[in-house]
Amino acid sequence: MKTKELLMEIIPLSTPDLFRLILEYKELYVNDWIMVKGADYIAIYPELIYTKILPLLSSHIDTVNFNRIVYPELSKDGIIKSRLRWNSNAIGEDELTGSPIGGDDRCGVAIMLHLLSRKIPAVYLFCDKEEVGCMGSEEFLYSSCEYLLSRCSCYIGLDRRGKQDAAVYTYESQSLLDIVKKYGYEKKMGSVTDISVIQNEYPKAAVNLSVGFYNEHTAMEYIDVSAFERTALIVPKVLDSVTDMVFNDLHCVDNYLFRYTIGNSYKSKDLDYYNDYMLPYSHYTTKKKKGDKDVQTKRGK
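Remember, it's a predicted structure, so these values are computed and weren't measured experimentally.

## Describing the pairing of strand E1 (residues 34-37)
Sheet topology note: the E1/strand E2 (residues 41-45) ladder contains four bridges and is antiparallel. Among the inter-strand pairings, Ile-34 is bridged to a residue of E2, identified as Tyr-45.

Following this line, the structure appears as structure tokens:
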């Protein structure tokens, strides 16, 4: 199945249904691979991990639209949106309403399932509850994962809006950035996502790549299929480049945005759900010391 068709298939699924689909993919395509799962995560990887140093791929199966009542439509110009529909509001008036389509992060999940079906070697980590505090990756960290992470060369997230961002977090590696820059990705500062949680506990090179969604967490969310398919084609090349690679240039990033935000719950604390054009910059202003200028923070995983 092509990645676009796979994406259209999983967009309407509930989180439990998507969890079950991942298990089906494991049985159907990589039945001889190892699987470790908890209540809020699934990790799948080949026995090759014992002889090679493999990258870790991460995406999350939950969305902000918890009820998952979405009607994806693919336009002729390659844009997937949620179809608007008429509903009665609280005072009985009809109004057009819509829901976030869930490209954040069904785009990343679709790419990973496609790669899994092709048996491309990596550690595949599917997390739940990223949007409410990265609970899946937190559970993974407390599941005796030390040896598995010690066999990973780097962490690659597929949970970034846009077309060509390579978001970094607490630590960065110029060597890894140089690899993704060959494919047109540009360094950006991220805030919080699953790979940043893992990196904080087990520091390694990490980037979070754009997978084609825009306006996430809003009814205006859409997916640019060309950007989505572009990353789907590039990721296997990146995985091949970083397999058995050791990144010795890891250094701490002075992530001002992260230090001045509190926690990572999407409703009140994670800046990922804001849009620069939807809210005034004053809304983003965070803590400031006496005499300092306003600290303007922007969203972005």
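## Observations concerning the packing of aromatic side chains
Per the stated rule, a full pass over the model turns up five aromatic pairs. Centroid distance Tyr-25 to Tyr-29: 5.1 Å. Interplanar angle 45°. Geometry classified as tilted. Here Tyr-25 and its partner Tyr-29 are both found in helix H2 (residues 15-29), four residues apart, which amounts to about one turn of the helix. The class of Tyr-25 is buried, set by a relative accessible area of 10%. Looking at Tyr-29, the relative accessible area reads 29%, which means it is partly exposed. Sitting over the ring of Tyr-185, Arg-230 keeps its end group 4.8 Å from the ring centre.

## Looking at the environment of Phe-228
As for its position among the elements, Phe-228 is in helix H8 (residues 225-242). Separated by 224 residues in the primary sequence, Phe-228 and Lys-4 have C-alpha atoms spaced 8.3 Å apart. Excluding residues that lie within four positions of it along the chain, Phe-228 makes contacts with Thr-3, Lys-4, Leu-7, Cys-107, Ala-110, Ile-111, Val-211, Gly-212 and Ile-223.

## Quick notes on helix H7 (residues 194-201)
Summarising burial for H7: six of the eight residues are buried, a large majority. Buried residues of H7: Asp-194, Ile-195, Ser-196, Val-197, Ile-198 and Gln-199, and no others.

## Some thoughts on the sheet that holds strand E4 (residues 72-74)
Overall, antiparallel pairing links the four strands, which are arranged E4-E5-E15-E14 in an open sheet. Since the sheet does not close on itself, it has two edges, and those belong to E4 and strand E14 (213-214), each with one partner.

## Topic: the packing of helix H1 (residues 3-10) against H8
Running from N to C, H1 and H8 cross one another at 115°; their axes reach a closest spacing of 10 Å. At the point where H1 passes H8, the crossing takes the right-handed sense. Residues Thr-3, Lys-4 and Leu-7 of H1 form the contact with H8, whose participating residues are Val-225, Phe-228, Glu-229 and Ala-232. The class makeup of the residues in the contact of H1 with H8 is four nonpolar, one polar and two charged.

## Side note on the side chain of Thr-170
Relative to the assigned elements, Thr-170 resides in the loop between strand E10 (165-168) and strand E11 (171-173). Within the structure, the side chain of Thr-170 is placed 2.5 Å from the side chain of Asn-200, a separation counted as a polar contact. Leave out the neighbours within four places in its chain, and Thr-170 touches Gln-199, Asn-200, His-251, Cys-252 and Val-253.

## A look at the pattern of salt bridges
A full pass over the atoms with the stated rule returns seven salt bridges. Among the ionic pairs, Arg-20 bridges to Asp-17, the shortest N-O distance being 2.2 Å. One end of the pair is Arg-20 and the other is Asp-17, both in helix H2 and three residues apart, which spans about a single turn. Ionic pairing is found between Asp-165 and Arg-160, a salt bridge with its closest N-O pair at 3.0 Å. As far as burial versus exposure is concerned, Asp-165 and Arg-160 are alike and both buried. Because the salt bridges share partners, they merge into one network encompassing Asp-40, Asp-128 and Lys-129.

## A word on the environment of Met-1
If you trace the backbone, Met-1 turns up in the segment before H1. For Met-1, a relative accessible area of 59% puts it in the exposed group. The contacts of Met-1, once residues within four sequence positions are left out, are Leu-6, Glu-9 and His-114.

## Re the packing of helix H3 (residues 103-117) against H8
Following both chains from N to C, one finds H3 and H8 inclined at 50°, their axes separated by 10 Å at the closest point. Here H3 is positioned oblique relative to H8, judged by the angle of their axes. For H3 against H8, the interelement crossing comes out right-handed. Together, Cys-107, Ala-110, Ile-111 and Leu-115 of H3 and Phe-228, Thr-231, Ala-232, Val-235, Pro-236 and Leu-239 of H8 make up the contact between the two elements.

Criteria and thresholds
Residues numbered from 1 in each chain as written. Predicted model: local features only at pLDDT ≥ 70, side-chain atom pairs only at ≥ 80, totals over all residues. Heavy atoms only, no water. Pairing = 2+ DSSP bridges. Helix = DSSP H or I, 4+ residues; strand = E, 2+ residues; numbered from the N terminus. Phe/Tyr/Trp six-rings, centres within 6.5 Å; stacked < 30°, edge-to-face > 60°. Buried < 20%, exposed > 50% of the residue type's maximum accessible area, 1.4 Å probe, protein only. Lys NZ or Arg CZ within 6 Å of the ring centre and 35° of its normal. Contact = heavy atoms within 4.5 Å. Axes fitted to C-alpha atoms, helices over the stretch in contact; angles between N-to-C directions. Left-handed = near helix turned anticlockwise from the far one by under 90°. Nonpolar A, V, L, I, M, F, W, Y, C, P; charged D, E, K, R; others polar. Polar contact = N/O pair within 3.5 Å; in protein donor to acceptor, adjacent residues only side chain to side chain. Salt bridge = Lys/Arg side-chain N within 4 Å of Asp/Glu carboxyl O. Parallel < 35°, antiparallel > 145°, perpendicular 65-115°, else oblique.

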